[in-house]
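# Chains, contacts and geometry: an overview
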Amino acid sequence: MTISQPWTTSPFIGEIPPVTATDDEIADALEHAALPPLLPALAYLTGDLSLLRPDLQIDPLLASALPQGGLSEDQQRAVRALALATLIRFRDGGSTPAPPPADEDLLRIMQYTVNSAATGEDMAPYLPLLVEELGVRSGDRRAPDWHRDRLAPDRTLEVVIIGAGMSGLLAAHRLQQAGIPFVIVEKDDDVGGTWLENTYPGCRVDNPNHNYSYSFAQRHDWPLHFSTQDVLLDYFRQCTDAFGVRERIRFGTEVLAASWSDETCRWTVQVRRPDGTEETLGADVVISAVGQLNRPLHPDIEGLDRFAGPAFHSARWDHDVDLTGKRVAVIGTGASAVQFAPEIAERADHLTVFQRTPPWLIPTPDYHEPVHPGLRWLYEHVPAYSEWNRFWIFWRMGDGALAGVHVDPAWNAETGSVSIENEMVKLLLTEYLRAELADRPDLFERVLPTYPPGAKRLLRDNGVWPAMLKRDDVTLVTDAISHVTETGVVTADGTEHQADVVVFGTGFQASAFLTPMTVTGVGGVDLHERWGGDATAYLGITVPDFPNFFCLYGPNTNIVINGSIIYFSECGVRYILGCLRVLLRTGHRAMAVRHDVHDAFAAAVDDANRLMSWGASDVNSWYKNANGRVTQNWPFTLLEYWQRTLAPDLGDFELVD
Ligand code: NAP
């Protein structure tokens with residue numbers, strides 16, 4: 001017997017088998033459970049809302065920063081005991097789930113999960129989003145509920161998607177579902193985007209897989225909580241095949257330019273083929289899915305070209321260079337370096353780490369841990385547990401964490417924080433660093449950030465980074481870099497730090513959206529000239545005078561507290577599909593967002609970003625462009641992006657016949 005599972009369409013999840021495990025086996029599995037979503041999942045599964053015991057709720061203030069949502073040891077024991085008794089009853093009753101709860105009960109379970117009673121958060125607007133995220137009731141609710149064959153069978157609408165990474169594949173899948181012809185143009189030889197290009201040692205996602213995965217292609221069998229690059233690349237390859245879009249991808253082909261014709265109301269897309277020759281494609285619609293973080297930023301340091309040894313960027317890792325026994329200089333201490341430097345410290349003779357600005361580290365004990373078989377058993381045998389776990393992650397790393405980075409204008413900024421909540425996060429993260437470096441107070445002083453948490457990306461750590469810094473064969477350099485010689489890196493104090501190899505963990509040209517492509521819109525306007533280095537787009541998706549041109553992961557759609565960019569892409573793709581539906585339904589040939597709508601949106605985004613720790617702080621980060629404007633980040637809730645992208649408002653657009 002298997003339990004039919006009406007709430008998933010995932011190609012990775014089969015039918016759920018009944019619970020046949022012994023009491024002891026269930027108890028063992030529960031030792032490894034993520035506890036905050038456990039009672040909510042069981043209440044959902046059994047319909048028994050008495051499981052939602054107020055004394056076993058998470059502390060919303062600590063939930064984002066502490067393991068198990070900050071539940072005490074006693075609370076954890078009580079949650080496990082209650083869950084054990086419930087699962088035994090579920091097993092003995094034939095493993096039959098209760099009918100899905102009514103809206104008011106679902107809302108109660110959701111309120112309990114996030115402890116909105118403590119925060120006063122109104123969770124009712126989240127209800128339809130939750131239904132979608134959990135996929136409850138009818139599977140993939142973000143799939144288009146329309147098809148071109150029924151809507152406008154005689155109208156052709158050809159789409160060119162640029163990029164076969166996470167968001168390009170998603171756009172292709174949805175277009176295929178809606179019956180709209182498309183081609184994906186991909187400069188690399190395979191799918192995967194960032195997960196194809198970043199092959200540095202230690203590369204892994206810093207967002208739990210249950211969150212960093214398509215809502216409609218969930219997996220119960222992730223081998224790790226935070227998958228390594230190879231696992232994610234494999235996931236996106238498998239999705240490509242499951243979606244049936246591989247044959248629509250032109251690999252090794254780079255888009256050089258896209259230009260709009262006012263006469264034909266079509267785009268001309270100029271591409272360079274794998275053999276170097278160029279070709280022109282015609283399209284009614286262009287979707288840019290090129291990502292934000294893929295053009296390496298090489299530091300502008302005097303003398304770099306003189307360096308005699310190998311020097312390469314983390315995103316272009318040179319696997320031919322054997323670092324064993326070498327003196328390696330690593331420039332940068334961002335998300336990439338924090339992952340690869342500890343790996344190379346294991347084999348280098350000596351590692352010198354050049355830190356300009358220290359990162360805040362967020363304690364994550366399971367960062368490198370495999371998913372325990374007990375936890376996997378729960379995902380695979382307890383219907384709805386994996387889905388509630390996804391919601392829990394979504395909340396604690398998204399809207400539930402926003403209070404910690406909002407600016408309180410009345411707060412004394414000289415504290416180095418932006419609000420009481422931000423100060424509390426700062427204290428927690430400071431204590432973590434202090435404990436990890438208790439035996440090295442000298443190091444603690446040098447790696448303690450002086451800017452508010454959230455002003456730069458928080459980096460996950462399970463003790464590995466501080467342990468690396470303490471090694472005898474690792475030197476942390478905090479003096480500014482002056483120049484590079486043939487044999488090493490010289491700091492402002494005149495010291496030469498000798499090196500055989502230099503590795504740049506210096507990040508990406510994040511503000512240079514859509515470069516190096518040329519994009520030309522109405523009347524020949526050039527997109528990069530229009531932006532002047534200050535990229536903006538309505539909802540991060542659409543720019544005035546660029547009709548039928550849509551961006552995914554465009555300006556101001558980056559999320560900062562580690563929410564999943566896949567969520568944003570799913571919202572964006574639905575909105576774009578909504579626009580195409582408008583064109584098909586109304587017969588209009590093109591649509592372009594109105595200037596006033598775009599400008600008002602951009603101003604609101606700027607205002608809101610100034611009230612977030614990343615906008616208020618003057619610390620440098622890739623969230624800001626050369627003008628100091630935050631061009632990357634979404635300053636509002638995840639809910640708001642979802643609401644605003646449900647469907648286009650025709651009043652926002654100029655429509656062309
Ligand atoms: P990054 O966060 O921009 O970090 C670049 C580092 O290089 C910073 O420490 C920066 O110092 C330093 N740097 C840059 N130019 C320098 C110079 N001229 N001299 C000295 N130091 C210099 O880049 P990243 O680490 O590649 O990460 C970028 C983003 O990619 C992340 O925030 C994240 O969104 C994404 N990413 C994600 C993962 C993941 O796990 N999912 C992994 C890697 C990257 P300052 O801080 O002083 O500027």
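Residues numbered from 1 in each chain as written. Predicted model: local features only at pLDDT ≥ 70, side-chain atom pairs only at ≥ 80, totals over all residues. Heavy atoms only, no water.

## Considerations on the domain arrangement of the chain
Taken as a whole, the chain is organised into domain 1 (23-122 + 373-399), domain 2 (155-295 + 510-598 + 613-656) and domain 3 (304-360 + 421-504). Centre-to-centre, using C-alpha coordinates, domain 1 lies 39 Å away from domain 3. Tallying the contact residues gives five residues for domain 1 and four residues for domain 3. Contact between domain 1 and domain 3 buries roughly 360 Å² in total, counting both sides, with carbon and sulfur atoms accounting for 87%. Linking domain 1 with domain 3 are zero salt bridges, by the criterion used here. On the surface where domain 1 and domain 3 come into contact, there are zero residue pairs in polar contact (both at pLDDT 80 or more). Per-class residue counts for the side of domain 1 that touches domain 3 are five nonpolar, no polar and no charged. (Domains from an automatic or database assignment. Contact = heavy atoms within 4.5 Å. Buried area = accessible area lost by both parts, 1.4 Å probe. Salt bridge = Lys/Arg side-chain N within 4 Å of Asp/Glu carboxyl O. Polar contact = N/O pair within 3.5 Å; in protein donor to acceptor, adjacent residues only side chain to side chain. Nonpolar A, V, L, I, M, F, W, Y, C, P; charged D, E, K, R; others polar.)

## Regarding the confidence of the model for the chain
Looking at the chain as a whole, its pLDDT mean stands at 95, while 98% of the residues score no less than 70. Counting interchain partners and residues more than four positions distant, the pLDDT-below-50 stretch residues 1-7 has 29 contacts. (pLDDT = per-residue confidence, 0-100.)

## Thoughts on unusual backbone geometry
For the bond running from Thr515 to Pro516, omega is 0°, close enough to zero to count as cis. Located in the positive-phi region is Asp545, a residue other than glycine, with phi close to 75°. Tracing the backbone through its elements, the reader meets Asp545 in the loop between α17 (527-531) and β19 (549-551). Its identity is not glycine, yet Tyr553 carries a phi of approximately 50°, on the positive side. (Helix = DSSP H or I, 4+ residues; strand = E, 2+ residues; numbered from the N terminus.)

## Brief notes about the site of the ligand
Around the ligand, 23 residues are found, and the nearest of them are Arg204, Ala335, Ser336, Thr357 and Lys456. Contact distances for the ligand include 3.2 Å between an oxygen atom and a backbone N or O atom of Gly505. Considered on its own, the ligand offers 900 Å² of accessible surface; in the complex 86% of this is hidden by protein. When residues in the shell around the ligand are grouped by element, the largest group, three residues, is from helix α11 (residues 335-345). Here the shell around the ligand is built from residues that sort into eight nonpolar, 10 polar and five charged. Two domains each provide a minimum of three residues to the shell around the ligand, namely domain 2 (155-295 + 510-598 + 613-656) and domain 3 (304-360 + 421-504). (Near = heavy atom within 4 Å. Areas by Shrake-Rupley, 256 points an atom, 1.4 Å probe, with all protein chains shown as cover.)

## With respect to the sheet that holds strand β9 (residues 327-331)
Strand order across the open sheet formed by five strands is β8-β17-β9-β10-β13, with parallel pairing between neighbours. Only two strands of the sheet have a single partner each, and these edge strands are β8 (311-313) and β13 (474-477). On average, each strand axis in the sheet is tilted by 20° relative to the strand beside it, whichever way the strands run. Across four bridges, β9 lies against strand β17 (residues 501-504) in parallel orientation. When the bridges of β17 are listed, Val330 appears paired with Val503. α11 rests against β9, β10 (350-354), β13 and β17 of the sheet, and its axis sits at about 170° to β9. (Pairing = 2+ DSSP bridges. Axes fitted to C-alpha atoms, helices over the stretch in contact; angles between N-to-C directions.)

## Focus: the sheet that holds strand β7 (residues 285-288)
Pairing in this open sheet of five strands is parallel, and the strands run β3-β2-β1-β7-β19 from one edge to the other. The open sheet has two edge strands with one neighbour each: β3 (249-250) and β19. The sheet contact formed by strand β2 (residues 182-185) and β3 spans two bridges and is parallel. Counted as the bridge partner of Val185 is Arg250 from β3. Strands in contact with helix α18 (residues 565-586) are β1 (159-162), β7 and β19; relative to β19, the strand with the most contacts, it is inclined by about 165°.

## A closer look at the pairing of β1
Side chains Val159 and Ile161 of β1 all project onto a buried face; the interleaved residues Val160 and Ile162 project onto the opposite face, where all are buried too. Relative to β2, β1 runs parallel, the two sharing four bridges. Along β2, the bridge assignment pairs Ile162 with Val185. With respect to chirality, the unit in which β1 leads through helix α8 (residues 166-178) into the neighbouring parallel β2 is right-handed. Taken together, the four bridges between β1 and β7 define a ladder with parallel strand orientation. (Buried < 20%, exposed > 50% of the residue type's maximum accessible area, 1.4 Å probe, protein only. Right-handed = clockwise from strand over helix to strand, strands pointing away.)

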